[in-house]
Amino acid sequence: MSDLAIIILAAGKGTRMHSSKPKVLQPLAGRPWILHLIENAKLLNPQTIYMIVSPDNHAALELALSGFDCKFIEQTQTLGTAHAVLTSLTTHQC
């Protein structure tokens, strides 16, 4: 196992997709696209995979990803990409 930590930004609402599902749970090839992303991230043999989630999609993502070893970090204010990365760095010292 390496010292690599992967941060997946999954707090997006997906409002432009006109769907009630969180953006990362939208289907791609018959499965939520976040599953494809995690499976490919695991090929890098990371020490940890952190997933930044919003309070609105935290429960749905935890349920969808229950078989995967991800650590969830809740971004209480969705203030963009840089804020999501900062949240992960200050919360879990990635």
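Counting starts from 1 at the beginning of each chain's written sequence and moves along it residue by residue. At least 70 in pLDDT is required for a residue's local features to be given in this predicted model, at least 80 for side-chain atom pairs to be given and counted, and no such filter applies to totals for whole chains, interfaces and linings, which use all residues. The side-chain quantities take in all heavy atoms of the structure and omit both hydrogens and water.

### Quick notes on the overall build of the protein chain
So, step 1. Numbering of helices and strands runs from the N terminus; a helix is a DSSP stretch of H or I covering at least four residues, while a strand is a stretch of E covering at least two. Of the regular secondary structure elements, the protein chain holds three helices and five strands.
So, step 2. The helix and strand sequence of the protein chain, counted from the amino end, reads β-β-β-α-β-α-β-α.
So, step 3. Here the C-alpha atoms of the protein chain give a radius of gyration of 13 Å, agreeing with the 12 Å that 2.2 N^0.38 yields for 94 residues.
So, step 4. Here the C-alpha coordinates of the protein chain stretch approximately 40 × 30 × 20 Å along the principal axes.
So, step 5. Every one of the 94 residues in the protein chain was classed for burial, and the buried ones make up 34%.
So, step 6. Here the protein chain holds 7 positive side-chain charges and 6 negative ones, and the gap between their average locations is 9 Å. Between the two quantities, the radius of gyration covers C-alpha atoms and the globule rule is 2.2 Å times the number of residues to the power 0.38. Three labels apply to residues, based on accessible area from a 1.4 Å probe with only protein chains included: buried if under 20% of the type maximum, exposed if over 50%, partly exposed otherwise in between. His is not counted, nor are the chain ends; Lys and Arg add positive charge and Asp and Glu add negative charge. To locate a charge, the coordinates of NZ of Lys, CZ of Arg, CG of Asp or CD of Glu are taken.

### What about the environment of Ile52?
So, step 1. Along the chain, Ile52 falls in strand 4 (residues 48-53).
So, step 2. The buried category is assigned to Ile52, whose relative accessible area is 0%.
So, step 3. Along the backbone, Ile52 and Thr87 are 35 residues apart, and their C-alpha atoms lie at a distance of 8.2 Å.
So, step 4. In this structure Ile52 touches Ile7, Ile8, Leu9, Ala10, Ala11, Ile73, Gln75, Ala84 and Ser88, once residues within four positions along its chain are discounted. Contacts: residue pairs with any heavy atoms within 4.5 Å of one another.

### Notes on the environment of Leu4
So, step 1. Among the structural elements, Leu4 can be located in the segment before strand 1 (5-9).
So, step 2. For Leu4, a relative accessible area of 34% puts it in the partly exposed group.
So, step 3. When the C-alpha positions of Leu4 and Asn45 are compared, they lie 7.7 Å apart, and in sequence the two are 41 residues distant.
So, step 4. The residues contacting Leu4, other than those within four sequence positions of it, are Leu44, Pro46, Gln47 and Thr48.

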